[in-house]
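Listed below, chain by chain, are the residues.
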Protein chains: 2
Amino acid sequence: MNIALDMMGGDFAPEELVKGIRDYMSDNPPATVSLIGDEQKLLPLLAQYKIPAKTYRLIPSTEVIEMHEHPLKALKGKPNSSISVGFHLLSTGKVDAFISAGNTGAMLIGSLYTIKPIEGILRPTIGTIVPMENGATGLLLDVGANADCKAEHLNQFATLGSLYAKNILGIEKPRVGLINIGEEEGKGNVLAQAAYPLLKENNQIHFIGNVEGRDVFLDHADVLVCEGFTGNVILKLAESLHGIMERQNVHTEYFDRFNFEDYGGTPVLGVNKPVIIGHGISRAKAYKNMLLLAQKMIETQLLEKMALSFKA
Amino acid sequence: MNIALDMMGGDFAPEELVKGIRDYMSDNPPATVSLIGDEQKLLPLLAQYKIPAKTYRLIPSTEVIEMHEHPLKALKGKPNSSISVGFHLLSTGKVDAFISAGNTGAMLIGSLYTIKPIEGILRPTIGTIVPMENGATGLLLDVGANADCKAEHLNQFATLGSLYAKNILGIEKPRVGLINIGEEEGKGNVLAQAAYPLLKENNQIHFIGNVEGRDVFLDHADVLVCEGFTGNVILKLAESLHGIMERQNVHTEYFDRFNFEDYGGTPVLGVNKPVIIGHGISRAKAYKNMLLLAQKMIETQLLEKMALSFKA
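Bear in mind that the values here come from a model prediction, so they are computed numbers and not experimental data.

**Some thoughts on the overall build of chain A**
Argument step 1. When helices and strands are tallied, chain A shows 11 helices and 11 strands.
Argument step 2. Against the compact-globule benchmark of 20 Å for 312 residues, chain A has a radius of gyration of 19 Å, which places it among compact chains.
Argument step 3. Judged by the C-alpha coordinates and their principal axes, chain A covers about 60 × 50 × 35 Å.
Argument step 4. The buried share of chain A, taken over its 312 residues, is 60%.
Argument step 5. In chain A, the share of contacts with a sequence separation of at least 24, taken over all contacts with a separation of at least 6, comes to 70%.
Argument step 6. Carbon and sulfur atoms make up 51% of the accessible area of chain A, which amounts to about 12400 Å² in all.
Argument step 7. Across chain A, 29 positive and 35 negative side-chain charges occur, with their mean positions spaced 5 Å apart.

Here it is, written out as structure tokens:
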């Protein structure tokens, strides 16, 4: 298997990427990597960090989509950007997965228009890992790709999230909870009220009912489903806790898990091939984790299982 | 001024209420109280805690609306309940404010149907105090009274919240932020996109733009505006942090402020008279604080200012 990396994306590119690749390769993984970027910048770093030549190939790119460029315009106007080249490699089957910590919007749009949604999926989604107080790990989705949703979208997120939780997080029978503002069926806003019966009838998931804000970190559910507005607010609020903890000089094993830098990005769930979007502030550890995640998505045939699940 | 208390509402009623009254009265406040409840239960406690007879009058009530009763049915079916009696006293001008930690739904519905919205206000709202990392105190609203909102509702919440922040929190020129999932105008879901221009044009507030989840606790805005779904999720998530901190054995001055028990309830903003809904788990300190809040709402003529602000 071969995983492509956008070597120009992220605040600490390309050096932290090279360090992440070194750490990943040190475990003799089954994958090789395609490194997309500026050869002149990459070659000395690859030498410096002693990346074995047989583990990578260099794919030159001459442009970079900057963090604040308009995603669609940039993708169209910069066909030789590292992100555009990455999507081209992935869509033509030259690589098996694509990772970038660059412009998030461009990564989302590239996923939707170049890689395309799995047949039957209305809205691909992005999620985030949720560190549970008891040590478990959950998944919250959507966290911002879909600010406005219909009930059927939430229902699909639940199925996608369950497959992810089972295959990637190793949870045999993931409990799905609907983020809501009351415990009983019938509570909530119009969307949550409409989503509840769909989730209850979805035989591809194990739906356990509503989950309130107070339950998010308490491991009441493995897969937490909501529209991307609420999910994004929760994610960013949780991210901010890490900084607050640092400044308050609070260090516990649990709260150290709020360092979202470590997790290594979020996969775009519901498109035909593995695409992973990294946090702009990713460092070596995050890049290594993104490579491991891409490898696991390929090894577990997650996307094939998703496609099967949505086959009419 | 006279403040009515539902002595039967809340998990620790009536004893913690009596203790809260004792603590409030020990500062020789300008208010007396009307205590609504079961005389047989209250008289021994009032004697035990030495509440001076001149500071209170007893208003007997023979029924209680339980926490899980259907609010509307209960209000209609139990006209002699402590909550029904309280709203009757307030609506007929026999008291100047009403406090209860009983059935939240019944308190909301009583506020809407007995006390009624201030003329011009589409949707009365409830908010919560937000402890900011730098020591400041903000206000988040709506936190659950209005799960689905239109842009104009959010705009009115902003005006109500600003008046509250100015008069009760003592913030001279409260900064209003729109909870959103992006920084720039035009970002967000359909509701946030529609609310932004209304907030920008609202000359009764000082609008500073969008505020993301990561900024909620960082004092970027004094008044944080959103619909009641997102607001309720944020509130309950924040409340859960206090329990997690306790269990993680984390104690800092800042995180101790996440003990929402202490704050003493949330006022219903946008109705004609001061109504304060307490948390079910309120104890003496919370009841004392609710009494102080009611007193301040009366003293600052907050509701008169709100009415003036919405006068066409």
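**A few points about helix α5 (residues 104–115) of chain B**
Residue and element names in this part refer to chain B.
Argument step 1. Compared with an ideal rise of 1.5 Å per residue, which puts 12 residues at 16 Å, α5 spans 15 Å between its outermost C-alpha atoms and is within 8% of the ideal.
Argument step 2. Looking at α5, one finds that the buried residues are A106, M107, L108, G110, S111 and I115.
Argument step 3. Tucked into the core, α5 has its buried residues touching α3 (71–77), α4 (82–91), β4 (97–100), β5 (125–131), β10 (266–269) and β11 (275–277).
Argument step 4. At the N-terminal boundary of α5, the capping side chain belongs to N103, with an oxygen 3.0 Å from the backbone nitrogen of G105.
Argument step 5. Immediately beyond the C-terminal end of α5, within one or two residues, lies K116, with a positive phi of roughly 70 degrees.

**Observations concerning the domain arrangement of chain A**
By a widely used convention, the size of an interface equals the accessible area lost when the partners come together.
Residue and element names in this part refer to chain A.
Argument step 1. Under the domain assignment used here, chain A contains domain 1 (1–121 + 270–312) and domain 2 (123–259).
Argument step 2. On the domain 2 side, the residues contacting the 17 residues of domain 1 number 13 residues.
Argument step 3. Of the roughly 1400 Å² buried between domain 1 and domain 2 on both sides combined, carbon and sulfur atoms contribute 69%.
Argument step 4. Our enumeration of links across domain 1 and domain 2 arrives at zero salt bridges.
Argument step 5. Residue assignment for the side of domain 1 that touches domain 2 shows that the elements contributing at least two residues are α5 (104–115), α10 (284–299) and α11 (302–309).

**Considerations on the state of the cysteines**
Argument step 1. Within this structure, the stated rule accounts for zero disulfides over all chains.
Argument step 2. In this structure B:C149 is a free cysteine whose sulfur lies 8.4 Å from that of B:C226, the closest cysteine sulfur available.

**Observations regarding the relation of the copies chain B and chain A**
Argument step 1. Overlaying chain B with chain A gives an RMSD of 0.0 Å, the required rotation being 180 degrees about an axis along which the chain moves by 0.0 Å. Here the transformation between the copies is reduced to the relation of a two-fold axis. In terms of proximity to the rotation axis, the leading residue of chain B is B:T230, whose C-alpha is 2.8 Å off the axis.
Argument step 2. A shared binding surface is used by both copies, with 100% of the interface residues of chain B retained as interface residues in chain A.

**Remarks on the environment of B:G105**
All names here are of chain B.
Argument step 1. Take G105: it is sitting in helix α5.
Argument step 2. Classification of G105 as partly exposed rests on a relative accessible area of 22%.
Argument step 3. Taking C-alpha positions, G105 is 7.8 Å from H70, a pair spaced 35 residues apart along the chain.

**Side note on the sheet that holds β4(B)**
All names here are of chain B.
Argument step 1. The strand order across the open sheet formed by 11 strands is β3-β2-β1-β4-β11-β10-β5-β6-β9-β7-β8, and the pairing between neighbours is mixed. Of all strands in the sheet, those bounded by a partner on one side alone are β3 (56–60) and β8 (206–211). Between one strand axis and the next, the sheet turns by 25 degrees as a mean value, whatever way the strands run.
Argument step 2. With five bridges joining them, strand β2 (residues 32–37) and β3 adopt parallel strand pairing. When the bridges of β3 are listed, V33 appears paired with Y56.

**Some words on the packing of aromatic side chains**
All names here are of chain A.
Argument step 1. Counted by the stated rule, this structure contains 12 aromatic pairs over all chains.
Argument step 2. Seen in terms of ring centroids, Y254 and F258 are 5.3 Å apart; in terms of plane orientation they differ by 90 degrees. Their pairing is edge-to-face.
Argument step 3. Plain terms: the ring middles of F255 and F258 are 5.5 Å apart, the flat faces sit at 40 degrees to each other, and that makes the pair tilted. No difference in accessibility class separates F255 from F258, as the two residues are buried.
Argument step 4. Among the aromatic residues, those joined into a cluster by ring pairs are F217, Y254, F255 and F258.
Argument step 5. We note R283 situated over the ring of F12; from NZ or CZ to the ring centre the distance is 3.7 Å.

**With respect to the interface of chain B and chain A**
Argument step 1. With 37 residues of chain B at the interface, the matching set in chain A holds 37 residues.
Argument step 2. In total, about 3400 Å² of surface goes out of reach between chain B and chain A, with carbon and sulfur atoms giving 68% of it.
Argument step 3. Of all residues in chain B, B:I181, B:F229 and B:L237 give up the largest surface area on contact with chain A, accounting jointly for 20% of the area buried on that side.
Argument step 4. In this structure, the connection of chain B to chain A is made through four salt bridges.
Argument step 5. Taken together, the connections running from chain B to chain A amount to eight residue pairs in polar contact (both at pLDDT 80 or more).
Argument step 6. Those elements that place two or more of their residues in the side of chain B that touches chain A are α7 (190–201), α8 (228–247) and α9 (253–256) of chain B.

So, how was this worked out
- Residues numbered from 1 in each chain as written.
- Chains lettered and ligands numbered in written order.
- Predicted model: local features only at pLDDT ≥ 70, side-chain atom pairs only at ≥ 80, totals over all residues.
- Heavy atoms only, no water.
- Helix = DSSP H or I, 4+ residues; strand = E, 2+ residues; numbered from the N terminus.
- Rg over C-alpha atoms; globule rule 2.2 N^0.38 Å.
- Buried < 20%, exposed > 50% of the residue type's maximum accessible area, 1.4 Å probe, protein only.
- Contact = heavy atoms within 4.5 Å.
- Areas by Shrake-Rupley, 256 points an atom, 1.4 Å probe, with all protein chains shown as cover.
- Lys, Arg positive; Asp, Glu negative; His and termini not counted.
- Charge placed at Lys NZ, Arg CZ, Asp CG, Glu CD.
- Expected span 1.5 Å × (residues − 1).
- Polar contact = N/O pair within 3.5 Å; in protein donor to acceptor, adjacent residues only side chain to side chain.
- Domains from an automatic or database assignment.
- Buried area = accessible area lost by both parts, 1.4 Å probe.
- Salt bridge = Lys/Arg side-chain N within 4 Å of Asp/Glu carboxyl O.
- Disulfide = S-S within 2.5 Å.
- Least-squares fit on C-alpha atoms with pLDDT ≥ 70 in both.
- Pairing = 2+ DSSP bridges.
- Axes fitted to C-alpha atoms, helices over the stretch in contact; angles between N-to-C directions.
- Phe/Tyr/Trp six-rings, centres within 6.5 Å; stacked < 30°, edge-to-face > 60°.
- Lys NZ or Arg CZ within 6 Å of the ring centre and 35° of its normal.

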